[in-house]
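What the coordinates show
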Amino acid sequence: MAVLVTGGARSGKSSFAEKLTMHRGKQGIYLATSHIYDEEMRERIGLHQQQRHHSGFPWETREEPYALRDCLTQLHKSGEGAVVLVDCLTLWLTNWLLYYEQESNAVQLVSDQIDELVNVVSSYSGQLILVTNEVGDGIVPEYPLGRQFRDLAGRMNQRVAEACQQVFLVTVGIPIELKSRAYMLDE
């Protein structure tokens, strides 16, 4: 079962996703997508690692800033029984957008990465929890790269949500399951 957890900055989404992982399995594989760009980020990541270590839950952490699709494919094929937690998709998207930033077809190249990720999520048969940021509720970014990111993140989140069986929105620390409450128009 694939689950998407979304929300704004400091909404409680990562904490909820970790608790959900612990609730759904006996061990977890934490796929971290972040690069360490500065000392503040290093401290933030260290704090999260300490919190997981002290939780009493057996976590294995793997750093996957780019190769998320390949890692998930490998885990899917291996049949490992651990719950996989990806935190977070918008950092993964940032990595790819910055990687391709100088290419004339950067948006298409990043969209291709999203397509491949959605295909893996759609076929994943184990327990998979994905964290993402809801970035479209804020101001319109001033710079083209920021607008590209916002648009790609919105499209990615919609596509991943469609591939997941459950979608949670976390705001002020309160998770609400959305997919079961979605209003469906007759088509």
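Use the structure listed above.
Quick caveat: nothing in here was measured; it's all calculated off a predicted structure.

Reading the values: rules and limits
- Residues numbered from 1 in each chain as written.
- Predicted model: local features only at pLDDT ≥ 70, side-chain atom pairs only at ≥ 80, totals over all residues.
- Heavy atoms only, no water.
- Axes fitted to C-alpha atoms, helices over the stretch in contact; angles between N-to-C directions.
- Helix = DSSP H or I, 4+ residues; strand = E, 2+ residues; numbered from the N terminus.
- Left-handed = near helix turned anticlockwise from the far one by under 90°.
- Contact = heavy atoms within 4.5 Å.
- Pairing = 2+ DSSP bridges.
- Salt bridge = Lys/Arg side-chain N within 4 Å of Asp/Glu carboxyl O.
- Buried < 20%, exposed > 50% of the residue type's maximum accessible area, 1.4 Å probe, protein only.
- Disulfide = S-S within 2.5 Å.
- Lys, Arg positive; Asp, Glu negative; His and termini not counted.
- Polar contact = N/O pair within 3.5 Å; in protein donor to acceptor, adjacent residues only side chain to side chain.

A word on the packing of helix α4 (residues 89–99) against helix α5 (residues 106–123)
Where α4 meets α5, the closest approach of the two axes is 9 Å, and the angle between their N-to-C directions is 145°. You can see that α4 and α5 cross each other, and the crossing is right-handed. From α4, Leu89, Trp92, Leu93, Trp96 and Leu97 reach across to α5, where they touch Val110, Gln113, Ile114 and Leu117.

Description of the sheet that holds strand β1 (residues 2–7)
Strands sit in the order β3-β2-β4-β5-β1-β6-β7 across an open sheet of seven strands; the sheet is mixed. Strand pairing shows two members of the sheet lacking a second neighbour, β3 (59–63) and β7 (174–177), which therefore form its edges. Along the sheet, successive strands turn relative to each other by an average axial angle of 20°, direction set aside. In terms of strand pairing, β1 meets strand β6 (residues 166–171) through five bridges, oriented parallel. Its bridge partner lying in β6, Thr6 is registered against Leu169. Where helix α3 (residues 68–78) meets the sheet, it contacts β2 (28–32), β3, β4 (83–87) and β5 (128–133), and its direction lies at approximately 165° from that of β2.

Quick look at the pattern of salt bridges
If charged atoms from side chains of opposite charge come close, those side chains can pair. As enumerated under the stated definition, the model contains eight salt bridges in all. Between Arg42 and Glu39 there is a salt bridge, with the nearest N and O atoms lying 3.6 Å from each other. Of this pair, Arg42 and Glu39 both sit in helix α2 (residues 39–53), three residues apart, which is roughly one turn of that helix. Given a relative accessible area of 46%, Arg42 falls into the partly exposed group. Judged by its relative accessible area of 47%, Glu39 falls in the partly exposed class. Salt bridges linked by common partners bring Arg69, Asp70 and Glu116 together as one network.

Focus: the state of the cysteines
For the structure shown, the criterion picks out zero disulfides. Here Cys71 is not cross-linked by a disulfide; its sulfur's nearest cysteine counterpart is in Cys88, at 16 Å. Cys71 gets classed as buried once you look at its relative accessible area, which sits at 4%. With no disulfide of its own, Cys164 lies closest to Cys88 among cysteine sulfurs, the gap being 14 Å. Looking at Cys164, the relative accessible area reads 3%, which means it is buried.

Some words on the environment of Ala9
Positionally, Ala9 belongs in the loop between β1 and α1 (13–24). Ala9 gets classed as exposed once you look at its relative accessible area, which sits at 70%. Linking Ala9 and Asn133, residues 124 residues apart in sequence, is a C-alpha distance of 7.0 Å.

Topic: the pairing of β5
Of all six residues in β5, six are buried, a share of seventy percent or more. Examined bridge by bridge, β1 and β5 share six bridges and lie parallel to one another. For Gly7, the partnering residue across the bridge sits in β5 and is Asn133. Across four bridges, β4 lies against β5 in parallel orientation. Residue Asp87 lies in a different strand from β5, and its bridge partner there is Val131.

Some words on the side chain of Glu177
Along the polypeptide, Glu177 turns up in strand β7. One buried charged side chain, Glu177, makes no salt bridge at all; its nearest oppositely charged neighbour is Arg181, positioned 5.6 Å away. Within polar-contact distance, the side chain of Glu177 engages the backbone nitrogen of Val167 at 3.2 Å.

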